[in-house]
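Secondary and tertiary structure notes
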Amino acid sequence: MDTLKGRMKSLVGLVFILLMIEQVINAQQHIHIYQLLTIVTVPTIFFVVGYFIDSTRSFSHLLLNGIKKMVIPYVITSIVIMALNILASQLSWIKQPFSDVKTIIKTFAYGIGWPTDTLFGQSSFGVGLVWLLLAIFFATLIFNLVTKLEKSWLMVIAIIMLTAAGYWFRTIVQLPWSLEAALIAQPFMYFGSLIKDQQKMPMTLATFFVGIILWSISSISGAFDFTVAYNPHPILGTIASLFAVSVIYVFHDRVIYQIKPLQIILKYLGDHFILGLSVATLVLLFIQINSVMANVYTILIVLISIAVIVMLQKLILLIKK
Amino acid sequence: MNGINKKRKTPIRPLNYIGMMRVTLTGLLLAIGTTVMLQVAMFFQDWGRYNQTTDFTKALGESIKFMLAPRAWFSVFICFVFFVLIYAILNRFFMTIAIYLITVIVVFVAEYMKVKARNEPIMFSDMSEATAVGGLTGMIDRQLLIGAVSLGLIILIIAVLLEYLVHKQKLGRLNNFFSQLKFKNKWFRLVMLVVTMGSLSISFVVNADHNQAWLQKFGYQRVVYSSGDDSLWNGPIATFMANISTVIMREPHDYSAKEMQRIEKKYGNTAQQINETRQSKAAGQTVAYILSESLANPNDIKGFQYKGDNVSKNLEAVKQQATVSGKMLSSGYGGGTANIEYMTLAGFPLATYAPEMTVPYVQLVPFAHTVPNIAQVFDKKEVLHPFVGSLYNRKEAYKKMGINHFYTTDNKDDTYPKKYLGGASENAYPTDDNAFKYLENKILKSTDKKSQFIQLMTMQNHMPYYQGEYPNNQYQMTKPVVSGNTKTQIESYLAGVHQSDLALEKLIKHVDNSKRPITLVFYGDHWPGIFTFVDPQIQAKEAHETDYFIYQNDAAKKREQLQSNLKRPYASPSDFPALTLDAMNVKVSPFYALQTQVSEQLPAFANYTRGKFVDEQGHTIQTKQLTSKQKRLLADFKLVQYDLSDGQHYLSNKFTKTMK
């Protein structure tokens, strides 16, 4: 039986593919597509995270669970990157994105997606897509604390203030561990948690078209750069993004999810989202393809790598049994 | 389920979500449509600026292309917020749409016509002209006006009908649909009211720099040199909002009490030196400023030829005999009369104010500490205008400037006499011949020893220009080839200029015969906006040159006791006070001493642009090309201008005290 949970996982799978496209296209040449995608990809991820959060769990449970599911994969990814970076100096067919191991340690210890202004000065490197793991980790903890507030209106105010704080900090400096992204993710997580209560998206035709219009307007105004908590219009941009998330949700639900083969693939990707992020980070950092179809090949490599790693995991489990 | 609201005792009360979304969608679509429509009003024009075109399809295409720019969405935001504001007030869906659409129609017509006339959008300063509806509607294309009014009425009737049917539940299955389109939660409605009013009022309450910052968040990029181009680039709504709060003048970097003291002392000494050779007094003299509306010299237009007598024959002859004459560098093209008028009275050029300060009578004069102007040198100060007096906030501005009487058609206390209001044909504006008769009447009545200042602003040659305006019009335009409509307008204009020229000849004769010393300061304020084959941006200097002269009768020349050898082939309107006082050989205050030095030593301010001047040979030069002495003088001038307009008023009253 289809459950909302299954649909959400499939939605994550869809967003993962959109995120890949966003990463591989030339942002300058395809600025409208790029900006269109940024409005919706990462916000939808946090929307789904908000759906899956179990608010009745204790803070310590979430902390341990988060460390297991987010922080450890993050650390493992950084170790793999270190190893590959060393290997890259010996092999010509992979890039060497970092100058040395010390830089990798510094970069991954700080944990932000792009080179930017940090507490310790300008950084030259970012951690790539795995910034999302840290952002999800901290966002979940923050959201859990917010949900402890008894009154709904207090919770809403707290979310607004945290979001504002995220945008404000960004104007001064990039905090470590993608904290600002975690702060501005709160409205999307709240949205996801509301859907869990309602068990459906309150969607009408008018809402759908409002979402399309606001999504378009927002994308014309500029990119929603979640990595560094930048939006040309924080208030209007957040509202537009919320609507865009509902549009993509409905589109996925009514169209994409109805196609069985797609449903299976997307659920699979959704189930292995964290692995996908790590693999994508490695592929984007180290693989360089000189071809007209480079973007398509990159995405294919990511997808195939995920499948291979999952199969290897299952194989190992079988052998152990 | 582990939803966050399961344990809550006080969940948020649900709003009428479905209804609100439908209203939001309606508002967004209307806002987008409005923005496109207003942009069409900007592009569907004859001026040829930045893809303006008379092809409607192309204009629509340009407008749609405009929507791909981030700055377009500020206009959508404002329109949407305005829609929501009306809705929050009325809480009636169809009436909201009706009022919104009627507002849009009015704005569209106003924007289209203003751009058509002057290639400028509606500015905040134009709102003071909203009370002059009677005068303004005369300038609107009648067909457009009728169409707009009819459409507005139809919309209103349909809306009222629909509201009635909804109220009586007579729409069958749609009853439920429309009954949802209301605010059901009064607190939410109140919040929307506050938020929308707050959003719309941002530009009205913050200062100019914050207003710019707010607009720049939406991608607004000010086009400093032209509000018309600004509206093409940013949309007329953004241009309007950007010019609500304005900086009068940016503070000069060395502005201080000490510096102003130095200037006061310096020009006090200069005034003493000048006054050693100034012997005349203003008592018993008359100065008449004649602002000849839209008077350009067609003979100066390159490539333009016409059949008929020389339209400016007498004007050119008078200039030869005048004390000083030449070309005035106007700030306006197709309009801006009051701004030029301000410069001729106050002696400050628009070019040195902030770019946002475009209408001094509205944005500066009401708020300035003091507005020293040439009229204050005289005992009696009057202004004559054969039209309504409410445009450009003149009534209030004149009070501040010390004008005793302002004769207009709508002034109950000082009514412009009907016998001088006759036009060349039934609906035409009062002729210059009649206007000059009234002026002469005023001068002749002044037989005492009091000094007299009169300003006459004519109307005869004000747009529109149409077939039959001048019966038996012999003028024909031969070159270049233009559209039939443009040709008709130009030929009518030529006839008007010729009539003005004949009237001027008569006026000069009467002035010459008068025993009272009379000094006439005559100038055309700006070109009419009908010579569409002249690009006012590319041919900026030519398109902003009009004729001026300062003419004195024998009685005035005898009074001045000294042969004047004034020369100013190119003058800014702001030169006129100093030139007039020089021609009259009247003693000056330190303020006018400074202005005298500016008119003698600096080239003329090119008020149609910034940072440029025109020298005696007609060459355009930039500020950096001035000599260091000229730069110092310019700096002193700007300091005084700032102190008197927007600064701390360090200069004492002695600096501007009139010498009567």
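What counts, and where the lines are drawn
Residues numbered from 1 in each chain as written. Chains lettered and ligands numbered in written order. Predicted model: local features only at pLDDT ≥ 70, side-chain atom pairs only at ≥ 80, totals over all residues. Heavy atoms only, no water. Helix = DSSP H or I, 4+ residues; strand = E, 2+ residues; numbered from the N terminus. Buried < 20%, exposed > 50% of the residue type's maximum accessible area, 1.4 Å probe, protein only. Areas by Shrake-Rupley, 256 points an atom, 1.4 Å probe, with all protein chains shown as cover. Pairing = 2+ DSSP bridges. Contact = heavy atoms within 4.5 Å. Axes fitted to C-alpha atoms, helices over the stretch in contact; angles between N-to-C directions. Parallel < 35°, antiparallel > 145°, perpendicular 65-115°, else oblique. Nonpolar A, V, L, I, M, F, W, Y, C, P; charged D, E, K, R; others polar. pLDDT = per-residue confidence, 0-100. UniProt positions renumbered as here; feature names shortened; annotations may be inferred.

The helix and strand tally for chain B stands at 23 helices and 13 strands. Split into buried and exposed, the 660 residues of chain B put 58% on the buried side. When the accessible area of chain B is evaluated, it comes to approximately 28,500 Å², of which 56% is carbon and sulfur surface.

Looking now at the sheet that holds strand E8 (residues 518–524) of chain B. All names here are of chain B. The 8 strands lie next to each other as E5-E4-E6-E1-E8-E9-E3-E10, forming an open sheet whose pairing is mixed. On the outer flanks of this sheet lie strand E5 (405–407) and strand E10 (570–571), each paired with one strand and no other. Note that strand E3 (residues 324–329) and E10 share 2 bridges and pair parallel. Each residue of the ladder has a partner; that of Met328, found in E10, is Ala571. Packed on one face of the sheet, helix H14 (residues 337–346) meets strand E1 (286–292), E3, strand E6 (452–457) and E8 and runs near 160° to E6.

Before going further, it helps to examine the packing of helix H1 (residues 4–24) of chain A against helix H12 (residues 260–271) of chain A. Residue and element names in this part refer to chain A. At a closest axis distance of 7 Å, the pairing of H1 and H12 adopts a crossing angle of 85°. Relative to H12, the element H1 lies roughly perpendicular. When H1 is examined against H12, the residues Gly6, Lys9, Ser10, Val12, Gly13, Leu14, Phe16 and Ile17 are found in contact with a partner set consisting of Gln263, Leu266, Lys267, Leu269, Gly270 and Asp271. Grouping the constituent residues of the contact of H1 with H12 by class yields 6 nonpolar, 5 polar and 3 charged.

Ordered by their spatial adjacency, 3 strands build an open sheet running E11-E12-E13 (chain B), and the pairing between neighbours is antiparallel. Two strands close off the open sheet at either side, each with one partner strand: strand E11 (604–605) and strand E13 (620–622) of chain B.

We now examine the confidence of the model for chain B. Residues and elements named next belong to chain B. Chain-level pLDDT for chain B is 89 on average; 93% of the residues reach the 70-or-more range. Low pLDDT, under 50, characterises residues 5–14; the stretch is placed with 18 contacts to residues that sit more than four places away or in other chains. Model confidence for the complex is summarised by a pTM of 0.67, with the ipTM given as 0.84.

Residues and elements named next belong to chain B. According to UniProt, the positions carrying the feature "transmembrane region" (unreviewed entry) are residues 21–44, 72–90, 97–115, 144–166 and 187–206. The annotated region residues 72–90 carries 100% helix and 0% strand content, and the separation between its end C-alpha atoms amounts to 28 Å. For residues 187–206, the end-to-end C-alpha separation is 27 Å, with 95% helix and 0% strand making up the annotated structure.

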